[in-house]
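Each chain is listed here by its residues.
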Amino acid sequence: MSTLALRFRRSGQLPVLAGALCTVALLLVGSLYSKNFLSPDYLLLQLQIASFLGVIATGAMLVILLGGIDLSVPWLVTAGGMMSAAAAGWWSGAGAAIAIPFGILCGAALGLVNGIGVAYLRVPSMIFTLGINAVAQGLIVVQTGGFAPQDRATPAMHLIATGRSVLGIPNALLVWIAVGAATMFLLHRTTFGRAIYAVGNRERAAYLSGIDTRRVTLLCFVIAGACSAAAGVLLTGYSTKAYQAMGDAYQLPAIAAVVLGGTNILGGQGSYLGTVVGVILITLLQSILSVMQIPEMGRQVIYGVVIIAMLLVYGRGRRQSG
């Protein structure tokens, strides 16, 4: 192994480099199918679409760093979109003003329930979050009667999701940049961020060192819920209305993006830059699969194979280093 590769491996940035090279390869492959694939307008559109997945993957990464999995993403995304639209319809003037924060708060509240179940009741995250996903689905269907509570998104939601207010950059991309910057600061410049990595590496050791592991886990699930709901708000603005099961297409891509970016699916290791690369890689892959007219079932199989392969790689690496 070359000295440069060895340095990248030791720094943990080798998956980021590999993901970046795969992204360039996908761009070249895409350009063979369409000459507009490398145009600035098309690339900005792909980054705008990637922003929705990027916000969801931000929360998913925090949970995975703990060594958990959040399977409530689909209906937390839907809850954010549906409840923001519902709030806009409840009060004519004030409703539009509180629609966005209300939708995000609903996601954070469901994330809080996830955190309580995982951190304090000690239920495995995969089981508890799957149950909360079903509960959220039932609550939304009961609340809305199975229909979108309002025909159209508010102007503010539409502007944030589709507008380009600064230098032609999509507003949704600016939202993702802000969320990403805050996450990087949280992970690398705060005690809480270091505690997340410590809990993911070995929860018992983190607890014995004085870290409130239950509080760390709780807050990570709250942030994950808020991120999923925020993406639901963006999707509602992008499609101009909320609809049932609008988050179903984001569960596997969010996990795949995180693990493709080098975050250990067993917890304790990963960088946000890697997640960004993973999100862009998945978005470009989706675009190429659409151009190639691969059905949705085939895409889900590809995401599942990626997750299983990365789990095997990381699991073997942890056993060898243990």
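Note that this is a predicted model, so its numbers are computed, not measured.

Trainee: Explain the side chain of Q251 to me, please; I cannot follow it from the model alone.
Mentor: Note on placement: Q251 falls in helix α12 (residues 251–260). Here Q251 falls in the buried class, since its relative accessible area comes to 12%. A polar side-chain atom of Q251 sits 3.1 Å from the main-chain carbonyl oxygen of D70. Discounting chain neighbours no more than four positions away, the residues touching Q251 are D70, L71, S72, V73 and P74.

Trainee: Would you mind going over a nonpolar patch on the surface with me for this structure?
Mentor: Among the surface-exposed residues, V29, L32, Y33, V291 and M292 lie close enough to one another that they form a single nonpolar patch of about 480 Å² accessible area. Here the nonpolar patch takes 3 residues from helix α2 (residues 14–33), the largest share from any one element. With respect to the helices and strands, V291 occurs in helix α13 (residues 272–291).

Trainee: Explain the environment of V141 to me, please; I cannot follow it from the model alone.
Mentor: Examined against the element boundaries, V141 turns out to sit in helix α6 (residues 125–144). Counting along the chain gives 62 residues from V141 to A79, while the straight-line C-alpha distance between them is 9.9 Å.

Trainee: Can you walk me through the nonpolar core in this structure?
Mentor: For soluble globular proteins, the rule of thumb is that nonpolar side chains tend to be buried together. Core analysis: the largest hydrophobic core is formed by 63 residues, its most contacted members being I196 and V216. One finds L26, L27, L284 and I288 within the second-largest nonpolar core, a separate group that totals 6 residues.

Trainee: Before we go on, may I ask you to explain the confidence of the model for the chain in this structure?
Mentor: The predicted coordinates of low-pLDDT regions are not to be read in fine detail. When pLDDT is averaged along the chain, the result is 86; 87% of the residues meet or exceed 70. Counted against residues more than four places away or in other chains, residues 317–322, with its pLDDT under 50, gives 4 contacts.

Trainee: How do you make sense of unusual backbone geometry when you look at a structure like this?
Mentor: With the exception of glycine, the majority of residues adopt a negative phi angle, and the majority of peptide bonds are in the trans configuration. Notably, T240 is not glycine yet its phi reads approximately 70°, a positive angle. When you line up the elements, T240 lands in the loop between α11 (213–239) and α12. Owing to a relative accessible area of 22%, T240 belongs among the partly exposed residues under this scheme. Backbone geometry places A245, a non-glycine residue, at a positive phi of 60°. With respect to the helices, strands and loops of the structure, A245 is situated in the loop between α11 and α12. Using a relative accessible area of 27% as the deciding quantity, one classes A245 as partly exposed.

Procedures and definitions
- Residues numbered from 1 in each chain as written.
- Predicted model: local features only at pLDDT ≥ 70, side-chain atom pairs only at ≥ 80, totals over all residues.
- Heavy atoms only, no water.
- Helix = DSSP H or I, 4+ residues; strand = E, 2+ residues; numbered from the N terminus.
- Buried < 20%, exposed > 50% of the residue type's maximum accessible area, 1.4 Å probe, protein only.
- Polar contact = N/O pair within 3.5 Å; in protein donor to acceptor, adjacent residues only side chain to side chain.
- Contact = heavy atoms within 4.5 Å.
- Patch = residues over 30% accessible without salt bridge, like charges linked within 9 Å, V, L, I, M, F, W, Y side chains within 5 Å.
- Areas by Shrake-Rupley, 256 points an atom, 1.4 Å probe, with all protein chains shown as cover.
- Salt bridge = Lys/Arg side-chain N within 4 Å of Asp/Glu carboxyl O.
- Core = buried A, V, L, I, M, F, W, Y, C linked by side-chain atoms within 4.5 Å.
- pLDDT = per-residue confidence, 0-100.

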